[in-house]
Amino acid sequence: MEEGYGLQERRQSKNVTHVEVLQVNSSRHLPLDVASMDLVKRRLKQRHIQICKSPNVLPLNLFDHFPKIAGTLGTGLFLGTGGAIHTAGPLGALIAFALVGSVAYSSLCSLGEMTSLAPISGSFPHFASRWVDPALGFAVSELLKFYVPVEISGAQILISMWDSHHAAVYTVVICIVICATNVFGVIYFGETEFALSILKLIMIIGLIIVGLVIDLGGAPNHQRLGFQYWSNPGVFAGPGLEPRYPALNNFLGILSAITQAAFAYQGMEIVAVAASETENPRRNIAKAIRRVFYRILIFYILGVFIAGLIVPSNNPQLLEGTGIFAKSPFVIAMQISGIRVLPAVVNAGFITSAFSAGNSFLFCSSRILYGLALRKQAPRFLTICTRKGVPIVAVLCSSVFAFLSLMSISSGAETVFTWFQHLSVMGGFFGWLSINLTYIFFYRGLQYQGIERQKLHYYNPLQPWLSIWGMVWCILFILINGFTVFWDFEASSFLTSYINIPLFFGLFLFWKVTRGTVVWKTDEMDFITGIPSCEETERPEIPPKGFWQHVAAVLF
């Protein structure tokens, strides 16, 4: 922490004249010093930010560790693995999840380093505006609107297991509750997510244990599976696009699974979006990012591995059949092995997971919109906050997109869910792309201005290669997302898979032409204006006490 303070003091004392020049130059791009206008409050505590997609700080007791590793676990992992195993096979799905996981990790490492320097409102769209081009920040922020409706549509599909005749009522109720949770204040959001994350963590641990029990023959049917399904039907599968060329078909299967994998990982960046409303943001987010690798390895990769052991890739319920059971490999395995009561309990857990994800995404999108408004990239009225520091207008405007999930009433829940899934995944790819691209500019700017990254609360020694890795793969993911439509063309699938590409460039060119923005040069980048010092944001760290707290601090 003392090193962080030293960095801030050195920057303030060494670059006083340079800062004045930067402030003058920055006025032609966007305002940077908006501290007097930023009315959100740092009310998310240690245990609250733990559930915002990652762990953060040492808890006061062992129980507080539970939510730290549960935030990213959602419907994409619990349900999306079924489609990945069906189209790619168990090993193909594992490869797809590992590849996308590495890109998600590189993006979060890049974002974590930038946030440790600037824990301010707006997050990565503002960083793109601040260090690359304001047009980039404006364009990428507009593609993050479909996270909420896709989760609500997923929850509706889950509820249809019990009642498929009142879909509209359930959808409206979920929308209202999610919106209300965000309207009442960040403390209510934090407490809600804290409770739901405990349920999600218990559920994923329980599913992994149940999967191991089934695989080892401990289920009611006492059938030991082992790696049986890796031999028959095999470690790879394919979407059937090129049946005459099995190797090519298997490769296309892995590419097809990337969408399901990306849907499972999306939203990890919310930990940085919450930085402006988090206590001790630099220290907390640094600890969060450092543990992402192990969380991805244990819960995502291990979860997909177990799912591939207990369900064959040619099981028709993975893609077809009745009810939401057709989407969950864990529930399918329970049915096959003769477990009767647990599937309904697990389905209820999936619903809470979808609600939690939608709740988090609404928080994320409203804060990004608020950050844009602060810097005149969105209407000024969106900066209005309540006395509790809630950007109420930004929350309400972001909530409107939640009601897009009502489209599922007329077009079919599963069809609309697929549409929103493609739109949100593409928006996520553009978000990761902008994060990694921004980091490369950020890295060059720090080097040119003589600011040592090693003095930040978080830095990764593998940079900038991590960001280059993530940026290259994001470009490829954007191009191949929805590629299957070229074998069996459907206008709706084509549009939802690729409409974000012209939309992104259209928004980018619109802002660039109308506002006359230019790409920042390394000597123009501002790493000081409007950024709070360490003394303003960080408080003394409370060390763990007792044996169990020390053990928990090491493990989590």
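Residues numbered from 1 in each chain as written. Predicted model: local features only at pLDDT ≥ 70, side-chain atom pairs only at ≥ 80, totals over all residues. Heavy atoms only, no water.

(A) A look at the overall build of the chain. Of the regular secondary structure elements, the chain holds 25 helices and zero strands. With 556 residues in all, the chain has 62% of them scored as buried. Across the chain, contacts joining residues at least 24 apart in sequence account for 80% of those joining residues at least 6 apart. (Helix = DSSP H or I, 4+ residues; strand = E, 2+ residues; numbered from the N terminus. Buried < 20%, exposed > 50% of the residue type's maximum accessible area, 1.4 Å probe, protein only. Contact = heavy atoms within 4.5 Å.)

(B) Quick look at the environment of I384. Inspection of the secondary structure assignment puts I384 in the loop between α17 (342-374) and α18 (392-399). Given a relative accessible area of 43%, I384 falls into the partly exposed group. Excluding anything up to four places from it in sequence, I384 contacts V390, P391, I392 and V393.

(C) View of the packing of helix α5 (residues 80-117) against helix α21 (residues 465-480). Between α5 and α21, the least distance of the axes is 8 Å, while the angle of their chain directions is 130°. With respect to α21, the element α5 is oriented oblique. For the pair α5 and α21, the sense of crossing is left-handed. Between α5, through L99, V100, S102, V103, Y105, S106, C109 and S110, and α21, the contact on the second element is made entirely by L466, S467, W469, G470, W473, C474 and F477. The residue makeup of the contact of α5 with α21, split by class, is 10 nonpolar, five polar and no charged. (Axes fitted to C-alpha atoms, helices over the stretch in contact; angles between N-to-C directions. Parallel < 35°, antiparallel > 145°, perpendicular 65-115°, else oblique. Left-handed = near helix turned anticlockwise from the far one by under 90°. Nonpolar A, V, L, I, M, F, W, Y, C, P; charged D, E, K, R; others polar.)

(D) Main features of unusual backbone geometry. P233 follows N232 through a cis peptide bond whose omega is 15°. On the secondary structure map, P233 appears in the loop between α11 (228-231) and α12 (246-265). Here Q463 and P464 are connected by a cis peptide whose omega angle stands at 5°. Its place among the elements puts P464 in the loop between α20 (413-449) and α21. Look at H222: it is not a glycine, yet its phi comes out positive at around 55°. Relative to the elements of secondary structure, H222 occurs in the loop between α10 (186-215) and α11.

(E) Spatial organisation of the pattern of salt bridges. Applying the stated criterion across every chain, the model contains three salt bridges. For the salt bridge of R453 with E113, the shortest nitrogen-to-oxygen distance reads 2.5 Å. Of this pair, R453 sits in the loop between α20 and α21 while E113 sits in helix α5, and the two are 340 residues apart along the sequence. E113 carries the same exposure label as R453, and that label is buried. Among the ionic pairs, R130 bridges to D526, the shortest N-O distance being 4.0 Å. In this pair, R130 is assigned in helix α6 (residues 123-131) and D526 in the loop between α23 (500-515) and α24 (534-537), connecting sequence segments 396 residues apart. In terms of burial, R130 and D526 fall into one category: buried. (Salt bridge = Lys/Arg side-chain N within 4 Å of Asp/Glu carboxyl O.)

(F) Main features of the packing of aromatic side chains. If you walk through the whole model with that rule in mind, you get 24 aromatic pairs. Both rings, one in F227 and one in F305, keep their centres 6.0 Å apart while their planes meet at 55°; by these two values the pair is tilted. Of the two residues, F227 is situated in the loop between α10 and α11 and F305 in helix α15 (residues 292-310); the sequence distance between them amounts to 78 residues. Take F227: its relative accessible area is 46%, and that puts it in the partly exposed class. When its relative accessible area of 24% is taken as the criterion, F305 is described as partly exposed. For the pair F494 and Y498, a centre-to-centre distance of 5.6 Å together with 40° between the ring planes defines the contact as tilted. On the criterion of helical spacing, the pair formed by F494 and Y498 is a turn pair, its members being four residues apart in helix α22 (residues 491-498). Given the relative accessible area of 12%, Y498 is considered buried. (Phe/Tyr/Trp six-rings, centres within 6.5 Å; stacked < 30°, edge-to-face > 60°.)

(G) Seen up close, the packing of α15 against helix α16 (residues 329-337). Their axes nearest at 9 Å, the elements α15 and α16 cross at an angle of 35°. The element α15 and its partner α16 pack so that their crossing is left-handed. Across the interface between the two elements, G303, I306, A307 and I310 of α15 pack against P329, F330 and A333 of α16. The residue makeup of the contact of α15 with α16, split by class, is six nonpolar, one polar and no charged.

(H) Region of interest: a nonpolar patch on the surface. Taken together, the side chains of W465, I468, V472, I475, L476 and L479 present a nonpolar region at the surface, about 580 Å² in accessible area. For V472, the location among the structural elements is in helix α21. (Patch = residues over 30% accessible without salt bridge, like charges linked within 9 Å, V, L, I, M, F, W, Y side chains within 5 Å. Areas by Shrake-Rupley, 256 points an atom, 1.4 Å probe, with all protein chains shown as cover.)

(I) How the structure looks around the confidence of the model for the chain. Averaged over every residue, the pLDDT of the chain is 77; residues scoring 70 or more account for 79%. Confidence, read as mean pLDDT per element, is least for helix α2 (residues 16-26) in the chain (34) and greatest for α21 (94). When the criterion is pLDDT under 50, residues 1-28 qualifies, and its contacts beyond four places in sequence or with other chains add up to 47 contacts. Note that residues 321-326 has pLDDT below 50 and, in this model, 17 contacts with residues that lie over four places away or in other chains. (pLDDT = per-residue confidence, 0-100.)

(J) Expanded view of α16. Burial of α16 is extensive: seven of the nine residues sit out of reach of the surface. Taken together, the buried positions of α16 are P329, F330, V331, I332, A333, M334 and S337. At the exit of α16 stands G338, carrying a positive phi of roughly 90°.

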